[in-house]
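What follows is the residue order along each chain.
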Amino acid sequence: MAGNITFTMIKPEAYQNGHAGKILDMILSKGFRLSAIKILNLTSKQAGKFYEVHRERPFYGELVGFMSSGTILAAILEKENAVEEYRKLIGSTNPANADEGTIRKAFGQSIQMNAVHGSDSDENAAIEASFFFSELERC
Ligand code: ATP
Ligand code: MG
């Protein structure tokens, strides 16, 4: 059965450009419930650990530098079939290929600065949610 949580980050460029409110509005108006939320600055070590799966990819170093370059907003979202539903709402990795109505189409600037992260599986959603939030921070 599909899980009911996913994990998201509003990435540094989108947060710095003041898009967090509008992005959260898109998320909430699609019926996701906020189960945890905070803003923070990742160290490069923490960003490197989060994106560990991409370590061998050519863009890894730049991605880690970018994700630790400024404040991000992290959140756990709840909805039936959350991972798939949220991937639909965020759109393609490259904003140039993202459909109208998606978060990346509206706010993404480039394949790297693509406004938001969304978990790609139920298993990773659980890992990512507990990387960022303790039990006490979740409701
Ligand atoms: P995310 O994991 O952030 O939700 P995604 O699952 O759509 O994005 P991944 O393949 O997991 O895409 O890549 C992780 C992140 O690495 C992307 O969101 C983007 O910021 C960056 N990235 C991916 N491909 C490239 C690339 N070719 N050049 C630069 N950055 C890239
Ligand atoms: Mg991914």
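Structure's up top.
This write-up is about the structure you can find in this document. What you see is a predicted model; the values in this text were computed from it and never measured.

Overall, antiparallel pairing links the four strands, which are arranged S2-S3-S1-S4 in an open sheet. Taken across any chain shown, the strands that pair with only one partner, and hence form the sheet edges, are strand S2 (33-40) and strand S4 (116-118). Ignoring which end each strand starts from, the neighbouring axes of this sheet average 15° apart. Bridge count for S2 against strand S3 (residues 72-78) is seven bridges, and the pairing is antiparallel. Residue pairing for S3: Lys38 is matched across the bridge by Ala74. Where helix H7 (residues 122-132) meets the sheet, it contacts strand S1 (5-10), S2, S3 and S4, and its direction lies at approximately 55° from that of S1.

This paragraph deals with the environment of Asn97. Along the chain, the position of Asn97 falls in the loop between helix H5 (82-90) and helix H6 (103-107). In this structure Asn97 comes out as exposed when scored by relative accessible area, which is 53%. Once the C-alpha coordinates of Asn97 and Leu73 are considered, the two residues, 24 residues apart in sequence, prove to be 24 Å apart.

So, on to the site of ligand 1. For ligand 1, the set of nearby residues contains 14 residues, the closest of which are Lys11, Thr93, Gln112, Asn114 and Gly118. Taking Arg104, its side chain carries an N or O atom lying 3.1 Å from an oxygen atom of ligand 1. The protein chains hide 82% of the 580 Å² of surface that ligand 1 would expose on its own. Its residues assigned to classes, the shell around ligand 1 shows four nonpolar, six polar and four charged.

Right, let's talk about the pairing of S3 for a bit. Across the seven residues of S3, six count as buried, placing the element largely inside the fold. By the bridge criterion, six bridges tie S1 to S3 in an arrangement that is antiparallel. Bridge pairing in S3 places Thr8 opposite Ala75.

Taken as a whole and judged by the stated rule, the model has six salt bridges. For Arg55, the salt bridge goes to Glu52, with nearest N and O atoms at 2.7 Å. Under the relative-accessibility criterion, Arg55 is labelled partly exposed at 42%. On the accessibility criterion, Glu52 (39% relative accessible area) is partly exposed.

Core analysis: the biggest nonpolar cluster contains 19 residues, and Phe7, Met9, Tyr51, Met67, Ile76, Phe132 and Phe133 have the highest contact counts within it. Where this core is concerned, the elements lending two or more residues are S1, helix H3 (44-50), helix H4 (60-67), S3 and H7. Top contributing element to this core by residue count: H4, with five residues. Apart from residues no more than four positions distant in its own chain, Tyr51 is found in contact with Met9, Lys11, Tyr60, Leu63, Met67 and His117. If you look at the next biggest cluster of nonpolar residues, it comprises 17 residues, including Ile27, Leu73, Leu89 and Val116.

Cut-off values and rules
- Residues numbered from 1 in each chain as written.
- Chains lettered and ligands numbered in written order.
- Predicted model: local features only at pLDDT ≥ 70, side-chain atom pairs only at ≥ 80, totals over all residues.
- Heavy atoms only, no water.
- Pairing = 2+ DSSP bridges.
- Helix = DSSP H or I, 4+ residues; strand = E, 2+ residues; numbered from the N terminus.
- Axes fitted to C-alpha atoms, helices over the stretch in contact; angles between N-to-C directions.
- Contact = heavy atoms within 4.5 Å.
- Buried < 20%, exposed > 50% of the residue type's maximum accessible area, 1.4 Å probe, protein only.
- Near = heavy atom within 4 Å.
- Polar contact = N/O pair within 3.5 Å; in protein donor to acceptor, adjacent residues only side chain to side chain.
- Areas by Shrake-Rupley, 256 points an atom, 1.4 Å probe, with all protein chains shown as cover.
- Nonpolar A, V, L, I, M, F, W, Y, C, P; charged D, E, K, R; others polar.
- Salt bridge = Lys/Arg side-chain N within 4 Å of Asp/Glu carboxyl O.
- Core = buried A, V, L, I, M, F, W, Y, C linked by side-chain atoms within 4.5 Å.

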